[in-house]
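Commentary on secondary and tertiary structure
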Amino acid sequence: MQFSWQYAKDFLTTNEMETMQNRVSAAHDELHERKGLGSDFTGWLDLPAKVDAGEYTRIKAAAAKIRQQAEVLIVIGIGGSYLGAKAAIEMLCAPFYNIRKDRSGPQIFFAGHNISSNYLAELKELIADKSFAVNVISKSGTTTEPAIAFRFFKLLLEEKYGKDEARERIYVTTDKSRGALFSLAKEEGYERFVIPDDVGGRYSVLTPVGLLPMAAAGIDTDAVLSGARDAMDAYGERSIEKNDCYAYAAARNILYEKGKTIEVLANYEGSLHDFAEWWKQLYGESEGKDGKGIFPAAVDFSTDLHSMGQYLQDGKRNLFETVIRIKTPRRDMDVPEMAGNIDGLGFLEGKTVDYVNTRAFLGTLLAHTDGGVPCLLLEMEKQDAYHFGRAVYFFEKACGISGYILGVNPFDQPGVEAYKKNMFALLGKPGYAEDGERLSRRLGTM
C-alpha cells in the first residue's frame, strides 16, 4: 500500500506529522516489545514469518478435499471468524464467483453471522440438492450466532450422509486445547485447525480462520502470505517518513484530534465492499472504547456518490475520507460506440471504462477536498492475492499503532459483551433469570 496525504494538506501540516513521530515511536516500542495494553494478543505481528508448516500443509490438503467432495462450502462464523475470508473471496475471485460454472472451487456461502430465521431457512433450501461441507469457526464454540447455525448444518449433514460421512465433511477451526467446539471436534473426530491463543478474531485473517476458506475457493494462499511477509518487513521501520503504515496511523490521529471523528473508507471497485466490512470491524472493535475512537464507515464509489455523496460533499464537517485506489484493474474494456450518440457519451468512445472510473475518482477527490473533507489516499498496485496479503497486514499494524496513540487497548472488545448479557437474560439462560425479569419490566415501560 502506498500512502499519500497530499490531498489533506489544508488540514494537516508537515510540522504536525513530524511532531507525531515521538508518539508513533512510543507506540512502535509498545507493540514490538510486547509491553503495551493487550500485548498477549499481538501474535499477528510476526505471524506471516511463523506459519506452522505442518498445519499449513493440512490446510491445503483439506481445501483440496473440500473441492473434490463438495459443491458447496458453508463457512460458519461471526465477526473476525468470517469477514476476512469473505473479503478475500469477493476481492480475489470473479465478481459472480458463486454462479460461475468455471469457478476454481465450490460455491461458498456464509452462515452464523446473524440470527435471521429467513437467512438460515433459505440457505438450507438452496443447498438441499447439493453436496456440501462445513467449516465452523469459533474459539469457544458457544457464541450464539455460529453455534445455532452449526446445529442446523451439522444435523443436515448427518441426515443426508450419516454420521460417519458427515464427520468427513466437517472442518473445525477453534482453540488448540479447550472450549466446547474443541471438545466436540475431538470427541467426533472432526479435522481441527488452530486459532492461535495470541491472535484475536479480527486479526486472524492470516491464520486457518481465513486461509482454509480462501484455499477452498482456489485462492493462492502462498501469494497471500508472501504479501503479508513483505509487508511485515516493509512496515517495520519506526520513521513516519519511511513507513507509509505509520504515516497513515499518524495522519488519522491528527485529524481525530481536530474533531474529525468519522473515517469514511471509499473504494472505486465494487469487489472491495467486503474488504471495507472487514476494515470496519478491525477499527471499530479496536478503537471504540473508553469514550474514544474514530467511527469507521465505508462507501462504494461511484455507486454511493448518488446517495451518500451529498452528505460527504455538503454535510457536517466532522469526517475525513480514506480512499483505496487500485492502480491496475484485473480487466478493462473500451466504451463501445453507439449510433446517433443518443446518450451524449460519444466523447467517451475509444476510452476504457477504467479511464472513466479514474476520472470519477480524481474529480471526486478534488470536489470533496474543496468541500472541506480531508482526503487520505491509499493505492494498491494490483487486485491480486499478494497485494491482498500486504493490505491486510498494513491495516492490522496501522490499527495497533493507532490504538496505542489513542491510549486504548486495541486488542480487547469489552463492549461486545453488553448485548450478549441482556440477550441471555431475556432468553432465560440459566444464571440470568433474575436479570431477565428486570429487563422485561424495563422494556415494558419504555
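From a predicted model like this one, the values you see are computed outputs, not experimental measurements. (Residues numbered from 1 in each chain as written. Predicted model: local features only at pLDDT ≥ 70, side-chain atom pairs only at ≥ 80, totals over all residues. Heavy atoms only, no water.)

1. Some details on the pattern of salt bridges
Spelled out, the test is: One speaks of a salt bridge when a side-chain nitrogen belonging to Lys or Arg is within 4 Å of a carboxyl oxygen belonging to Asp or Glu. Secondary structure follows DSSP: runs of H or I at least 4 residues long count as helices, runs of E at least 2 residues long count as strands, and numbering of each begins at the N terminus. Only protein chains enter the accessibility calculation, which uses a 1.4 Å probe; a residue whose area is less than 20% of its type maximum is buried, one above 50% is exposed, and one in between is partly exposed.
Under the defined criterion, the tally for this structure stands at 26 salt bridges. Note that Arg-58 and Glu-55 form a salt bridge whose closest N and O atoms lie 3.7 Å from each other. Note that Arg-58 and Glu-55 are positioned in helix α3 (residues 53-69) at a spacing of three residues, about one turn of the helix. Glu-55 sits in the buried class, given a relative accessible area of 14%. Taken together, the shared-partner salt bridges in this structure form one network comprising Lys-163, Asp-164, Arg-167 and Glu-188.

2. Let's talk about the pairing of strand β5 (residues 170-174)
Let me state the cut-off plainly: Two strands are said to pair when DSSP picks up at least two bridges between them. Handedness is read with the strands pointing away from the viewer; a crossover is right-handed when the path from the first strand over the helix to the second is clockwise.
With five of its five residues buried, β5 lies for the most part within the structure. Burial of the side chains of β5 extends over both faces: Ile-170, Val-172 and Thr-174 are buried on one face and Tyr-171 and Thr-173 on the other. Pairing geometry for strand β4 (residues 132-137) and β5, over four bridges, is parallel. Residue pairing across strands places Asn-135 opposite Tyr-171, the latter belonging to β5. Considered for its hand, the β-α-β crossover made up of β4, helix α6 (residues 144-167) and β5 is right-handed. Inspection of the sheet shows β5 paired to strand β6 (residues 191-194) by four bridges, in the parallel sense. When the bridges of β6 are listed, Tyr-171 appears paired with Glu-191.

3. Regarding helix α13 (residues 353-370)
Since there are 3.6 residues in each turn of an α-helix, residues three or four apart along the chain are aligned in direction. Put simply, the rule reads: Multiplying 1.5 Å by the helix residue count minus one yields the expected span of that helix. Note that the arc is computed from the directions linking the helix axis to the C-beta atoms. Contacts are residue-level and defined by heavy atoms, with any inter-residue pair within 4.5 Å sufficient.
Relative to the 26 Å expected for 18 residues at 1.5 Å per residue, α13 spans 26 Å between its end C-alpha atoms, a close match to the ideal helical length. Looking at α13, one finds that the buried residues are Asp-354, Asn-357, Thr-358, Phe-361, Thr-364, Leu-365, His-368 and Thr-369. Buried residues of α13 fall within an arc of 125° about the axis and therefore sit on the same side. Away from the buried face of α13 by more than 90 degrees, exposed residues Leu-366 and Asp-370 are located. Where α13 is buried, its residues meet α12 (309-314), β9 (319-328) and β10 (375-382).

4. Digging into the packing of aromatic side chains
We count it as follows: Think of it this way: a Phe, Tyr or Trp ring, Trp meaning its six-membered ring, pairs with another when their centres are within 6.5 Å, and the plane angle makes it stacked under 30 degrees, edge-to-face over 60, tilted otherwise. Any Lys NZ or Arg CZ that is within 6 Å of a ring centre and within 35 degrees of that ring's normal is treated as a charge sitting over the ring.
Here the structure, examined in full by the defined rule, presents 19 aromatic pairs. The interplanar angle of 80° and the centroid separation of 6.0 Å between the aromatic rings of Tyr-404 and Phe-411 together place this pair among those described as edge-to-face. Each member of the pair, Tyr-404 as well as Phe-411, is classed as buried. Site record: aromatic cluster; members linked through ring pairs are Phe-3, Tyr-235, Tyr-248, Phe-275, Trp-278, Trp-279, Tyr-283, Phe-388, Phe-394 and Phe-395. Of note, Arg-169 hangs over the ring of Tyr-161, and the distance from its end group to the ring centre comes to 4.0 Å. Lying across the ring of Phe-424, Lys-429 places its NZ or CZ 4.0 Å from the centre.

5. Some details on the packing of α6 against helix α7 (residues 180-188)
Put simply, the test is: Throughout, an axis means a line fitted to C-alpha atoms (over the contacting stretch in the case of helices), and angles, computed between N-to-C directions, take values from 0 to 180 degrees. Note that the term roughly parallel is reserved for angles under 35 degrees, roughly antiparallel for angles over 145, roughly perpendicular for angles of 65 to 115, and oblique for everything else. Crossing handedness: left-handed means the near helix sits turned counterclockwise from the far one by under a right angle, and right-handed means the same turn made clockwise. Following the grouping adopted for this structure description, the nonpolar residues are Ala, Val, Leu, Ile, Met, Phe, Trp, Tyr, Cys and Pro, the charged ones are Asp, Glu, Lys and Arg, and the polar ones are all others, Gly among them.
Their axes nearest at 14 Å, the elements α6 and α7 cross at an angle of 15°. The angle between α6 and α7 falls in the class roughly parallel. Note that α6 runs across α7; the crossing there is right-handed. Here α6 contributes Phe-150, Lys-154, Lys-163 and Arg-167 to the contact with α7, which in turn contributes Leu-181, Leu-184 and Glu-188. Grouping the amino acids of the contact of α6 with α7 by side-chain chemistry returns three nonpolar, no polar and four charged.

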